[in-house]
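Residue-level listing of the chains:
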Amino acid sequence: KGLIPIIEPEVNIKATDKAKCEQLLLECLMAGLQQLGPDEKVMFKLTLPTQDNLYAPLLGHPLTVRMVALSGGYKRAEACEVLAKNAGMIASFS
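Residue indices follow the written sequence of each chain, beginning from 1 at its first position. Residues qualify for local features only when their pLDDT is at least 70, as the model is predicted, and side-chain atom pairs are given and counted only at 80 or more; totals for whole chains, interfaces and linings, by contrast, use all residues. To get the side-chain values, take all heavy atoms of the structure and skip hydrogens and water.

A. A look at the overall build of the chain. Each helix corresponds to a stretch of at least 4 residues labelled H or I by DSSP, and each strand to a stretch of at least 2 residues labelled E; elements are numbered beginning at the N terminus. Secondary structure assignment for the chain yields 3 helices and 4 strands. Secondary structure elements of the chain occur, N-terminal to C-terminal, as β-α-β-α-β-α-β. Its C-alpha atoms give the chain a radius of gyration of 13 Å, near enough to 12 Å, the size a compact globule of 94 residues would have. Dimensions of the chain along its principal axes, counting C-alpha atoms only, are 35 × 25 × 20 Å. Out of the 94 residues belonging to the chain, those deemed buried represent 35%. Long-range pairs, those at least 24 residues apart, make up 57% of the contacts in the chain with a sequence separation of at least 6. Accessible surface, the chain: about 5800 Å² in total, of which carbon and sulfur atoms supply 55%. Think of it this way: Lys and Arg go in the positive column, Asp and Glu in the negative one, and His and the chain ends go nowhere. Charged groups are reduced to one reference atom each: NZ for lysine, CZ for arginine, CG for aspartic acid, CD for glutamic acid. Taking the 10 positively charged and 10 negatively charged side chains of the chain as two groups, their mean positions are separated by 6 Å. Only C-alpha atoms enter the radius of gyration; for comparison, a globular chain is expected to reach 2.2 Å times N to the power 0.38, where N is the number of residues. Relative accessible area decides the class of each residue, using a 1.4 Å probe on protein chains only: under 20% of the type maximum gives buried, over 50% gives exposed, and in between gives partly exposed. Residue contacts are defined here by distance: any two heavy atoms, one from each residue, within 4.5 Å place the two residues in contact. Note on areas: Shrake-Rupley, 1.4 Å probe, and residue coverage restricted to the protein chains presented here.

Structure, rendered in structure tokens:
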């Protein structure tokens, strides 16, 4: 019931250390989830990860209601290709 906050950190797809940034982001987001109360649900809107299914632990967390993918600057065809390799993520491409 009510509103669900959307957490939307973006990783630059051109970052030379993108995979490392994503791993650090995952660790921080998981730590943040541990600080929430049992009724505090969130939704994540994340840049498509370099490593397939990197964000699966977030998606499987009981306080995560949904996870959508930002194209982050990828062309639509490439974004769809990467999205298909990430189970449970839903497209939010503009």
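B. Examining the sheet that holds strand β3 (residues 64-70) more closely. The criterion for strand pairing is that DSSP finds at least two bridges linking the strands in question. One open sheet accounts for 4 strands, arranged β1-β2-β3-β4; its pairing is parallel. A single partner strand is all that each edge strand has here, and the edge strands are β1 (6-7) and β4 (90-91). Across 2 bridges, β3 lies against β4 in parallel orientation. Bridge pairing links Ala69 to Ala91 in β4. Note on definitions: angles span 0 to 180 degrees between N-to-C directions of axes, and those axes are lines fitted to C-alpha atoms, for helices only across the stretch in contact. Here helix α1 (residues 18-34) sits on the sheet in contact with β1, β2 (42-47) and β3, set at roughly 175° to β2.

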